[in-house]
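The chain contents come next:
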Amino acid sequence: MNNINTLTQASIALKFGKTTSVELTQKCIQRIESIDENIGCYLCVDKIGAMKQAIDSDARRKFNQSLGELDGIPIGIKDMISCKGLPLNASSKILQDYLASYDATVIRNLRSKGAVIIGKLNQDEFGMGSSGENSAYKICKNPVNLSRTPGGSSSGSAAAIAANLAFGTLGTDTGGSVRQPAAFTGTVGIKPTYGRVSRFGVIAFASSLDQVGVFGHKVEDAATLLSGIAGYDEQDSTSIKISVPNYNLTLNRDIKGVRIGIPKEYLNKDVALDPEVKTCVENAISRLRTLGAKVYFISLPHVHLSVAAYHIISTAEASSNLARYDGIRYGPRIGFEGGFKNLYKETRGKLFGAEVKRRILLGTFVLSASCYDSYYIKAQKIRSLIVDDFRNAFTLVDAIICPTVPSVAYPLGERINDPLKMYLGDIFTIPANLAGLPGISIPGGFSKENLPIGIQLIGRPFEESNILNIAHMLEKILKINNEPVK
Amino acid sequence: MLLSAVYIYFYCIVNIIYDIKLPMQISMDCIEKIANLAMLALSKTELETYKKDLENILNYVKVLESVDTSKVEPIRCVIPIELNERVDEVHEKIGESSLRNSAGFENNLIKVPKII
């Protein structure tokens, strides 16, 4: 039991009767109760519900009716995702006391495969932030080093894997919110292609960019969990009818001759890349060469415009999506006696956090009549150019490799009062969101201060299996020890 | 708001003709109007902070002006597919359990401020 740390190990142990779902779930709950007070991963733990699901899973297994690899595995869920009967707060005061009245499609998919939903995970409010500090409830810390940020916005999802407080977790990724915290915590995080996973029941931040992603210790864990949630859903009009492979079956393929591109723009002197991160990526590239991959320099001529275009498009969409939080239908109310307008303004002004208000203001500004063309339409045109850049690059290579983040996890508090500096940390993750492409971050090594460094692989649309396979082969040859924190 | 619109217009003209980079500035009047449009009650201190933050961010996004996009179409969908439309049928009624999330839930209705 003590040797079971990863989702795959747990799945195998369950299959061969070495453990039970009740035992695994109890282990997670006990660890949460003993150490999570110092980390801040969970906003709510469904002890009774999780134990009931675990008992049901063990009963199924006893009668040879197991629902597969995820049956009985404790999974944590980011607070953006609706789980019937559990709080759904998006780490915001404006959704305080909100109880989800239905399951998101990804949760329905997990339940149909027997997964045990253990609780809701901390995050930056409404997915806005890159450090886990924008939660209205509590700051989430990096289990690798408690003085550092775990990244964000899926801070709790990444930290829970690093601290072994769940065997797999779900997050959401609008500009890097799965891959960046995965890099900072030494875990594996994948954002699938836009449309691969249903967003029904997921709180909207920026609808043309949002995707649900998964976390695990190892690539094979992420592959299993992604297979469990992906697929067409008629309740999400942007979900795409393309069959989902079993991603585990396509791991371990030879990557001899696979063409991998390095965007030369990322090596420009004006990109503030930590030398330790650069060395780590160069090491990964040389290891890929030893496996027979062919590595080329490629050009993404407009990629340096990604952060600027992203912050116009995402805030514009957010200002519209968050208009629904009006004090009428959800959460607490402030200013009821002053009439409708007063109720709206007071509730939103008092209950949204600082970063959310900043983004709503920017979004409202860029959508205002005098700015619409010069900002919003301009950004959408730049996005077209970025999509074309990737399309052209993928005629030459099968995958792109680059750092996940320009630095290692920075100290908590370092960037919270400098929003632009915080935004620029997403320079390597945002392009995949703008182009709707799948991207994965895996641990590539550690800095001198023993902080994890992430390597990112980006693939063609719907070729998650390709980047998972390359990531798996790289993981095997790098032999990074990302054992959970004791 | 009007002052800001005039400033942005002037800023674009100067930028195009003389290739001079003026710092982006927003008036307090403009930030108040934006907050009003966004239905956010903000204190004076907050407005001043956000004014500075927005100016910093808008100065940063000026980098987009370096590219001529006059012949580029704005993107419509990142993955070129038809949007799916489901049959317009009720599948699951969530009714009362959803209404209960309002702080104004009473007798299966939501209480709102007086309108008339």
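Residues numbered from 1 in each chain as written. Chains lettered and ligands numbered in written order. Predicted model: local features only at pLDDT ≥ 70, side-chain atom pairs only at ≥ 80, totals over all residues. Heavy atoms only, no water.

1. Let's talk about the interface of chain A and chain B
1) Next: Chain A puts 72 residues into the contact, and the matching count from chain B is 54 residues.
2) Next: Together chain A and chain B conceal approximately 5500 Å² of surface at their shared face, both sides included; 71% is due to carbon and sulfur atoms.
3) Next: It is Leu361(A), Phe365(A) and Lys381(A) that lose the most area in chain A upon contact with chain B, and together they represent 12% of the buried surface on that side.
4) Next: Linking chain A to chain B there are two salt bridges. (Contact = heavy atoms within 4.5 Å. Buried area = accessible area lost by both parts, 1.4 Å probe. Salt bridge = Lys/Arg side-chain N within 4 Å of Asp/Glu carboxyl O.)

2. Focus: empty space enclosed by the protein
To locate leftover empty space, one rolls a probe as large as a water molecule over the atoms.
Residue and element names in this part refer to chain A.
1) Next: One pass over the full model with this rule turns up three cavities of 30 Å³ or more.
2) Next: For the largest cavity, the calculated volume is near 80 Å³.
3) Next: Along the walls of the largest cavity sit 15 residues, with Gly127, Gly129, Ser177, Tyr310 and Asp426 positioned nearest its centre.
4) Next: Counted by class, the lining of the largest cavity contains three nonpolar, ten polar and two charged residues.
5) Next: Looking at which domains feed residues into the lining of the largest cavity, each of domain 1 (7–256 + 399–478) and domain 2 (304–378) gives three or more. (1 Å grid on protein atoms, 1.4 Å probe; cavity = no way out; pocket = protein on both sides within 12 Å on 5 of 7 lines; lining within 4 Å. Points joined across faces, edges and corners; volume = space filled by probe spheres on them. Nonpolar A, V, L, I, M, F, W, Y, C, P; charged D, E, K, R; others polar. Domains from an automatic or database assignment.)

3. Let's talk about the pattern of salt bridges
Residue and element names in this part refer to chain A.
1) Next: Enumeration over the complete set of coordinates arrives at 23 salt bridges over all chains.
2) Next: The salt bridge partner of Asp71 is Arg60, with a shortest N-O separation of 2.6 Å. Residue Asp71 is found in the loop between α3 (47–62) and β2 (74–78), and its partner Arg60 is found in helix α3; the two are separated by eleven residues along the sequence.
3) Next: Using a relative accessible area of 0% as the deciding quantity, one classes Asp71 as buried. (Helix = DSSP H or I, 4+ residues; strand = E, 2+ residues; numbered from the N terminus. Buried < 20%, exposed > 50% of the residue type's maximum accessible area, 1.4 Å probe, protein only.)

4. Thoughts on the domain arrangement of chain A
One frequently used descriptor of interface size is the decrease in accessible area upon assembly of the parts.
Residues and elements named next belong to chain A.
1) Next: Split by domain assignment, chain A resolves into domain 1 (7–256 + 399–478) and domain 2 (304–378).
2) Next: Put simply, the middle of domain 1 and the middle of domain 2, counted by C-alpha atoms, are 27 Å apart.
3) Next: Each partner contributes to the interface: domain 1 provides 27 residues, whereas domain 2 provides 24 residues.
4) Next: Together, the buried faces of domain 1 and domain 2 total about 2300 Å²; carbon and sulfur atoms form 69% of this surface.
5) Next: Among the residues domain 1 hides against domain 2, the three largest losses belong to Ile94, Met128 and Tyr423. Together they make up 30% of the total.

5. Here's the deal with unusual backbone geometry
Residues and elements named next belong to chain A.
1) Next: Across the junction of Gly152 and Ser153, the peptide omega takes the value 10°, indicating a cis bond.
2) Next: Inspection of the secondary structure assignment puts Ser153 in the loop between β3 (116–121) and α5 (155–162).
3) Next: With a phi close to 55°, Phe126 is a non-glycine residue in the positive phi region.
4) Next: Counting through the fold element by element, Phe126 comes out in the loop between β3 and α5.
5) Next: Under the relative-accessibility criterion, Phe126 is labelled buried at 0%.

6. Here we look at the packing of aromatic side chains
Residues and elements named next belong to chain A.
1) Next: Here the structure, examined in full by the defined rule, presents twelve aromatic pairs over all chains.
2) Next: On the numbers, 5.8 Å between centres and 90° between planes, the contact of Phe184 with Tyr410 is edge-to-face. Of the two residues, Phe184 is situated in helix α6 (residues 179–185) and Tyr410 in the loop between β9 (399–403) and α13 (419–424); the sequence distance between them amounts to 226 residues. Each member of the pair, Phe184 as well as Tyr410, is classed as buried.
3) Next: Taken together, Tyr98, Phe126, Tyr325, Tyr330 and Phe352 form an aromatic cluster joined through their ring pairs.
4) Next: Here the basic side chain of Arg415 rests over the ring of Tyr410, its NZ or CZ set 4.0 Å away from the ring centre. (Phe/Tyr/Trp six-rings, centres within 6.5 Å; stacked < 30°, edge-to-face > 60°. Lys NZ or Arg CZ within 6 Å of the ring centre and 35° of its normal.)

7. Things to note about the packing of helix α11 (residues 354–367) of chain A against helix α12 (residues 372–396) of chain A
Helix-helix packing is described using two parameters, namely the angle between the two axes and the distance between the axes.
All names here are of chain A.
1) Next: Contact geometry of α11 with α12 gives a least axis separation of 7 Å together with a crossing angle of 105°. If you check the angle between α11 and α12, you find them roughly perpendicular. For the pair α11 and α12, contact is made by Phe365, Val366 and Leu367 and by Tyr372, Tyr375 and Tyr376, respectively.
2) Next: Looking at the contact of α11 with α12 residue by residue, the classes come out as six nonpolar, no polar and no charged. (Axes fitted to C-alpha atoms, helices over the stretch in contact; angles between N-to-C directions. Parallel < 35°, antiparallel > 145°, perpendicular 65-115°, else oblique.)

8. Digging into a nonpolar patch on the surface
1) Next: Among the surface-exposed residues, Val112(B), Ile115(B) and Ile116(B) lie close enough to one another that they form a single nonpolar patch of about 370 Å² accessible area.
2) Next: Judged by its relative accessible area of 91%, Ile116(B) is exposed. (Patch = residues over 30% accessible without salt bridge, like charges linked within 9 Å, V, L, I, M, F, W, Y side chains within 5 Å. Areas by Shrake-Rupley, 256 points an atom, 1.4 Å probe, with all protein chains shown as cover.)

9. Observations concerning helix α4 (residues 105–112) of chain A
Residues and elements named next belong to chain A.
1) Next: Those residues of α4 that fall on the buried side of the exposure criterion are Thr105, Val106, Ile107, Asn109 and Leu110.
2) Next: Along its buried surface, α4 packs onto β2, β3, β4 (168–173), β6 (211–216) and α7 (219–229).
3) Next: Directly after α4, the chain includes Gly114, whose backbone phi takes a positive value near 85°.

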